[in-house]
Every structure is written in structure tokens, then in C-alpha cells.
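For reference, the chains in residue letters:
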Amino acid sequence: MENESTRKRPASSPPLTRRGRLLLIVGAAAAVVAAAVLVPLMLLTEEEREPRTLLILEGLRSSQVYAAADKALGVAPGTTAKAAGTADLKLPAEAGGNPEGYLFPATYPIDEETTPASLLSYMVNTANRNFGSAPATYRNVVIASIVQAEADTAEDMGKAARVIDNRLAQGMPLQMDSTLNYALNRSTLDTTHADTRIDTPYNTYEHTGLPPTPIGNPGRQAMDAVLDPPPGDWLYFVTVAPGDTRFTGDYAEQRKNVEEFNAHRKEAGKPVG
């Protein structure tokens, strides 16, 4: 039985106009182009189709950021570190061309046009937008980097920033393990008496004042703590146990807190300083 799909066009059907023929040609060409585009897209893996990003966490050091950028960009190790020395980065004069402290923690998009230099520039520009350009900014970034390394919560960051301010005002050495860790390229709570005697400007047990550069890349929360620390007479603090950081202005109380810290370390079979 004949149906609509099997009927032939009547001989009397009008021929296609020039416009009609042109539309058919264009439509066919578009289909070919679409197919040409679709085939390589179908060959891409799901990972290649996904937008790529690079997450920089608060407190990472520049060396760690460079390594993460190399991996994300698929370039040889050391490429981003080398680019940092030649890229035109908008850093304060005090930084001396060293972007430590200004590789702002955030999630950065990456595509085929991203280069190590452009990625570093993006990070530094983001830091400048978050930190501002006041004359004391570099000093504040140095302090914020220490606060970021020493404290975990917003409350503790504020108190740590106040401790630093109080110690600097009294001419006391900061005595921060985090600055020693930076000099020794490590992250540990196992600071020994020998460590506190090493010869480096980052040894804040031996030297008063701030270290010469930031010791990592702080986030906005650490900078906010530096800009507006809570009032207090604190001069000492120690994290006795996870989530239990104690601040005090009394040295005798600090010694008791340190003894409790050491007792916890001993129970866990870890070195006692």
C-alpha cells in the first residue's frame, strides 16, 4: 500500500528556486563542517573537555606554587620558577622582584594560551587587589604570612597578629618556628635547640624584627587579622593540641602550656623540644 513516505514527487512539482538550491548547498556544507568538528570532540577524553583550573591553597610557599603551576601547565619542572625571575610582575619595590607573599591563594583558570608568566601575573594582580597599595603593605604581607603559618582559625589568626605586634613594640624577638621552617625548607613542629641557633635572617629566635621576606603566600583572612587584630596583652602562644591554641601575656603560664604540649608529644612518641 502506498504511503506518504514512498510517493514520488509529481512531475509537475515546481523546480527549486536559486534561493532554495543555495539553502540546500549551505545546509549541506554546514552539516559537513559540524561533522568535522564533532569527530575530534568525540575523540577528546572527558578530562580534556573539562575546563582546567589550578588551586593555590593559603600558606603555600612560592616553591610549592611554582611546582604546582609546572604540573598544571604541563611544562618542565623549574619552568615557572625561571619565569618568576623574568616576568614583569607588579610587585612593590621592597620585594626586590621576589613574588613570595604575592602569589595569592585562589582557583585560577588555565587554557592553551596560559603561560607561566601570565599565570604568575594573574596571581600577583589578584594579591594587589586584595592587599591594596598602602606604604605599609609589604610589611603587612610579611606579618600575614607568619600569621597564616602559625594559626588555623580566624580567631587565632587575630590573636597571633596581636602577639607579633606586641613583641615588635617591646623589641622582643618573635621566636616563631614558622620562620625557621621556611629557612630550612620544611614544615614541622619538631624545632630543636640547635635549630634556634642556625645562622639565617629568618631565625627569629636570634634576630629581632621581621624576617626579610614573607615566608609563604597568605590569604585574605590572615591579612584581615593583621589589619584589625583584637586588643590583648598576649606575648606567647602554643598549640597544646589540635584546636587548643593558648595565648597568654604571662611567661610562667606559657611555660606550663609548653610543658603540657611536650607531654602530649611524648605520649604520641614524638620528639620533645
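All right, on to the overall build of the chain then. Helix and strand counts for the chain stand at 10 helices and 4 strands. When the helices and strands of the chain are placed in sequence order, the string is α-α-β-α-α-β-α-α-α-α-α-β-β-α. The buried share of the chain, taken over its 273 residues, is 37%. In the chain, the share of contacts with a sequence separation of at least 24, taken over all contacts with a separation of at least 6, comes to 64%. Approximately 16400 Å² of the chain is accessible, and the part contributed by carbon and sulfur atoms is 55%.

On to helix α5 (residues 116-131). Relative to the 22 Å expected for 16 residues at 1.5 Å per residue, α5 spans 22 Å between its end C-alpha atoms, a close match to the ideal helical length. For α5, the set of buried residues is Pro 116, Leu 119, Leu 120, Ser 121, Met 123, Val 124, Thr 126, Ala 127 and Phe 131. In the core, the buried residues of α5 are packed alongside β1 (52-55), α3 (62-73), α4 (79-84), β2 (107-110), α6 (137-150) and α9 (220-227). Downstream of α5 by one or two residues, Gly 132 has phi in the positive range, about 80 degrees.

To continue, consider the nonpolar core. By size, the foremost hydrophobic cluster in this structure holds 48 residues, and its most contacted members are Tyr 102, Leu 120, Met 123 and Val 147. At the level of elements, α3, α4, β2, α5, α6, α7 (154-170) and α9 are the ones that each hand at least two residues to this core.

Cut-offs and rules
Numbers given for residues are sequential positions, taken from 1 along each chain in its written order. Restriction of local features to residues with pLDDT of at least 70 applies here, the model being predicted, together with a cutoff of 80 or more for giving and counting side-chain atom pairs; totals for whole chains, interfaces and linings are based on all residues. Calculation of side-chain values draws on the structure's entire complement of heavy atoms; hydrogens and water are dropped beforehand. In this text, helices come from DSSP runs of H or I with a minimum length of four residues, and strands from runs of E with a minimum of two, each type numbered from the N-terminal end. Buried, partly exposed and exposed residues are distinguished by accessible area as a fraction of the type maximum, computed with a 1.4 Å probe on protein chains only: under 20%, between the cut-offs, and over 50%, respectively. We call two residues contacting when some pair of their heavy atoms lies within 4.5 Å. What sets the accessible areas is the Shrake-Rupley method with a 1.4 Å probe; for residues, cover comes only from the shown protein chains. Take the residue count of a helix, subtract one, and multiply by 1.5 Å to get its expected span. To define a nonpolar core, start from buried Ala, Val, Leu, Ile, Met, Phe, Trp, Tyr and Cys residues and group those joined through side-chain atoms within 4.5 Å.

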